[in-house]
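Residues per chain, in single letters:
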Amino acid sequence: MPSKDDVMAALAAIPGPDGRTPLPQSGAIDGVTIRDGKVFLAIKVDPARAGAMEAMRSAVEAKLKALPGVVSALVTLTAQTPQGAPRPAPAHEAPRPAARGSRPIEGVKKIIAVASGKGGVGKSTTACNLALGLSRLGMKVGVLDADLFGPSMPKLFGITEKPALAPDGKGLIPIQKFGIKVMSIGFLVGEDSAIVWRGPMVISALNQFLRDVEWGELDVLVVDMPPGTGDVQLTMAQNVPLAGAVIVSTPQDLSLIDARRAIAMFKQVETPLLGIVENMSYFVCPHCGGRTDVFAHGGARHEAEKHGTPFLGEIPLDIAIRETSDGGAPIVVSAPDGPQAKAYLAVAERVRAELFEGGKRARPAPRIVMG
């Protein structure tokens, strides 16, 4: 495995951001992490010159990948405000809404974000099964795991292999599973590895996963967002033309409070709301058939009505969903004719209608009762 000294020695022939000083002596290297043959490196650059620095970034990444013992390399550009740059607006000034992204991803017709105001509501499981449901409806679908600090898609899809380099050596080829193209930072780091990155590093990595992955022709790219309303959400809204957002919440008030924040954030950045999914909506005992509303019931439907947003459907709290998710064979593919899969498929049908038919043909969100 290469050492940090090996990395610095390999980069000595590459000029830094000023075009003259060798990169290791330029002071621009903002951090180097080496783990299990994977090298992560950040370079500080003036944000106004980020585009001009892309050739340098690519050269650094290629040099690192050529080092003996390196399995993969990820080089990101982080922001460094130059001296004399204008100061940020005072805190009392209201920030302007972020502009909608206008640069599409080649070959991708629609990009949708699956988001939640908080963690633990089943957002990633919903994103995974929504993507599989859209695929069952005959669409070409990809999944981008944008939850860089807590990637779940490798586990949900049961993927253990690493993505291959594109023929030109400049990008990655997503891994295909169950007919879905999948990309995740989890393919490049171990399950027990912590990703300790500053905000600019996260943004740079996200942009690479959007632009430097060979997605090919897709009808829909489903982006599994991290919880909350932070850098990743704003980056997605600013850099790509999001066709809409799906908000996932449980019915309880505590979850709905944070769901409202997510709704407000997407409205502020002018991203259409495709609708709200009520996850863990109810529990049906597999032994007696009795129903229990563990987290209350109907809160997400009421929230959707209050905001004039489509209600996409109810997903039960069910042990089969948990078992198939942990086993890497999601319920939509492992038990496609069961009531759990039908609940996800109903959500997928509604999302498809909102995306491609303006919601005109969408049926009212069904109440699917199990047992």
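These numbers come from a predicted model, not from an experiment. (Residues numbered from 1 in each chain as written. Predicted model: local features only at pLDDT ≥ 70, side-chain atom pairs only at ≥ 80, totals over all residues. Heavy atoms only, no water.)

Engineer: I'm lost on the environment of Thr33 in this one. Help?
Structural biologist: Counting through the fold element by element, Thr33 comes out in strand S1 (residues 29–35). Residue classification places Thr33 among the partly exposed residues on the basis of a relative accessible area of 31%. When residues no more than four places from it in sequence are discounted, the contact partners of Thr33 are Lys38, Val39 and Phe40. (Helix = DSSP H or I, 4+ residues; strand = E, 2+ residues; numbered from the N terminus. Buried < 20%, exposed > 50% of the residue type's maximum accessible area, 1.4 Å probe, protein only. Contact = heavy atoms within 4.5 Å.)

Engineer: Would you mind going over the packing of helix H3 (residues 123–136) against helix H11 (residues 339–356) with me for this structure?
Structural biologist: The description of two helices packed together rests on the angle between their axes and the distance between the axes. Contact geometry for H3 and H11: axes closest at 8 Å, N-to-C directions at 70°. The orientation of H3 relative to H11 falls into the category roughly perpendicular. Across the interface between the two elements, Thr125, Thr126, Asn129, Leu130, Gly133, Leu134 and Arg136 from H3 touch Tyr344, Leu345, Val347, Ala348, Val351 and Arg352 from H11. Considered class by class, the residues forming the contact of H3 with H11 number 7 nonpolar, 4 polar and 2 charged. (Axes fitted to C-alpha atoms, helices over the stretch in contact; angles between N-to-C directions. Parallel < 35°, antiparallel > 145°, perpendicular 65-115°, else oblique. Nonpolar A, V, L, I, M, F, W, Y, C, P; charged D, E, K, R; others polar.)

Engineer: So what exactly am I meant to see when it comes to the environment of Met183 here?
Structural biologist: The topology assignment puts Met183 in strand S9 (residues 180–184). The exposure class of Met183 is buried, given its relative accessible area of 0%. If near-sequence neighbours (up to four positions away) are discounted, Met183 is found in contact with Val143, Leu144, Asp145, Pro163, Leu172, Ile173, Pro174, Phe209, Val213 and Trp215.

Engineer: What is the right way to look at the pattern of salt bridges in this model?
Structural biologist: Once the charged atoms of two side chains with opposite charge are near each other, the side chains can pair. Summed over the entire model, instances satisfying the criterion amount to 14 salt bridges. The closest approach of N and O atoms between Lys109 and Asp219, which form a salt bridge, is 3.2 Å. In this pair, Lys109 is assigned in strand S4 (residues 108–115) and Asp219 in strand S10 (residues 218–224), connecting sequence segments 110 residues apart. Residue class for Asp219 comes out buried when judged on its relative accessible area of 15%. Measuring nitrogen to oxygen at the nearest pair gives 3.3 Å for the salt bridge that ties Lys306 to Glu303. Of this pair, Lys306 and Glu303 both sit in helix H8 (residues 299–307), 3 residues apart, which is roughly one turn of the helix. The exposure class assigned to Glu303 is buried, which follows from its relative accessible area of 1%. It is possible to trace a salt-bridge network through shared partners that takes in Glu54, Arg57, Glu61, Lys65 and Asp212. (Salt bridge = Lys/Arg side-chain N within 4 Å of Asp/Glu carboxyl O.)

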